[in-house]
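Close look at the chain arrangement
Listed below are the residues making up each chain.
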Amino acid sequence: MKFRIAALLGALLLASPLQAERLKFDHRLSPQLKAVFDGGDPGMIDFNDKNPRYVTDLIAIQGKSAKDWTEALLIVARTPDKKVRTVAAWVAELQGEGQRRCASTFRTLAEDAASVTFERRSTGCAAGYPPVALYRVVAGKQSLFLLGFLHKGQPSEQVQQQWQAVLASATID
């Protein structure tokens, strides 16, 4: 079981759309996320590589499974296209989607030449759409990556700090 989870995570980390770049982050900065990886339950991870230009991985941190979660980590590797070529364009797309789903506010937490980290807080959302999220969008030379922590309730300040630390640890190899 542990081998399968490690293989799935490894596949995602290596599976940028062109397989030229890898996104790395320190999952140990969140004890709950580390516990999921150490636990070896494949039901906690939903890996989707049906579209090699938009590979996703949802990891349940709290909850019964990747289909029934309260807190989750979303990882996306995407090939830039005509619609989304840059970090700023992807951030705009994510914020537009958030506004379409429900009333949302956004706050930029960190920004540099290759990445943006921001928070989304939403109200009046349909069931299943997490009202709290922290995202980091990172540009590589040939790919774009997203790390997103999603919460269907109100995470504690400690949990939010752990999320921010994990997001800040993300680098591209």
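In what follows, the structure referred to is the one given above.
Remember, predicted model here, so these are calculated numbers, not experimental data. (Residues numbered from 1 in each chain as written. Predicted model: local features only at pLDDT ≥ 70, side-chain atom pairs only at ≥ 80, totals over all residues. Heavy atoms only, no water.)

Here we take up the overall build of the protein. Summing up its helical and strand segments, the protein has four helices and nine strands in all. Along the protein, helices (α) and strands (β) appear in the sequence α-β-α-β-β-β-α-β-β-β-β-α-β when read from the amino end. The buried share of the protein, taken over its 173 residues, is 46%. Put simply, 49% of the contacts in the protein that link residues at least 6 apart link residues at least 24 apart. (Helix = DSSP H or I, 4+ residues; strand = E, 2+ residues; numbered from the N terminus. Buried < 20%, exposed > 50% of the residue type's maximum accessible area, 1.4 Å probe, protein only. Contact = heavy atoms within 4.5 Å.)

For the structure shown, the criterion picks out four aromatic pairs. Through successive ring pairs, a cluster of aromatic residues spans F106, F118 and Y135. Seen from the ring of W90, R78 lies directly overhead, with NZ or CZ sitting 4.9 Å from the centre. (Phe/Tyr/Trp six-rings, centres within 6.5 Å; stacked < 30°, edge-to-face > 60°. Lys NZ or Arg CZ within 6 Å of the ring centre and 35° of its normal.)

Our next topic: the pairing of strand 6 (residues 115–123). Of all nine residues in strand 6, seven are buried, a share of seventy percent or more. Examined bridge by bridge, strand 5 (residues 103–112) and strand 6 share nine bridges and lie antiparallel to one another. Bridging from a neighbouring strand, T108 pairs with F118 of strand 6. In sequence, strand 5 turns back onto strand 6 through a hairpin of two residues. (Pairing = 2+ DSSP bridges.)

Enumeration over the complete set of coordinates arrives at 11 salt bridges. Between K83 and E93 there is a salt bridge, and its shortest N-O distance comes to 3.5 Å. On the criterion of sequence distance, the pair formed by K83 in the loop between strand 4 (69–78) and helix 3 (87–101) and E93 in helix 3 is long-range, its members being 10 residues apart. A salt bridge links R101 to E97, with the nearest nitrogen and oxygen atoms 3.2 Å apart. Within this pair, R101 and its partner E97 are both found in helix 3, separated by four residues, close to a single helical turn. In this structure E97 comes out as partly exposed when scored by relative accessible area, which is 32%. Residues joined by salt bridges that share partners form a network here, namely R78, D81, K83 and E93. (Salt bridge = Lys/Arg side-chain N within 4 Å of Asp/Glu carboxyl O.)

For the rest of this paragraph, the subject is the nonpolar core. Counting 40 residues, the largest nonpolar core has F25, L33, I59, L73, W90, L147 and F149 as its most contacted members. In contact with L33, other than residues within four places in its own chain, are F25, H27, I59, I61, L73 and F149. (Core = buried A, V, L, I, M, F, W, Y, C linked by side-chain atoms within 4.5 Å.)

Right, let's get into the side chain of T117. Relative to the assigned elements, T117 resides in strand 6. On the accessibility criterion, T117 (8% relative accessible area) is buried. In this structure, T117 is in contact with R107, T108, L109, A110, Y135, R136 and L167, ignoring residues within four places of it in sequence.

Turning our attention to the state of the cysteines. Within the structure shown, the criterion is met by one disulfide. Residue pairing for C102: its cysteine sulfur links by disulfide to C125, the two sulfurs lying 2.1 Å apart. Disulfide C102-C125: the torsion about the S-S bond is 65 degrees, which places it as right-handed. In this pair, C102 sits in the loop between helix 3 and strand 5 while C125 sits in the loop between strand 6 and strand 7 (132–139), placing the two residues 23 residues apart along the sequence. Given a relative accessible area of 6%, C102 falls into the buried group. What makes C125 partly exposed here is its relative accessible area of 23%. (Disulfide = S-S within 2.5 Å.)

C-alpha of E93 to C-alpha of K83: the two residues are 10 residues apart in sequence and 9.1 Å apart in space. Setting aside anything within four residues of it in sequence, one finds E93 in contact with R78, K83, V84 and R100.

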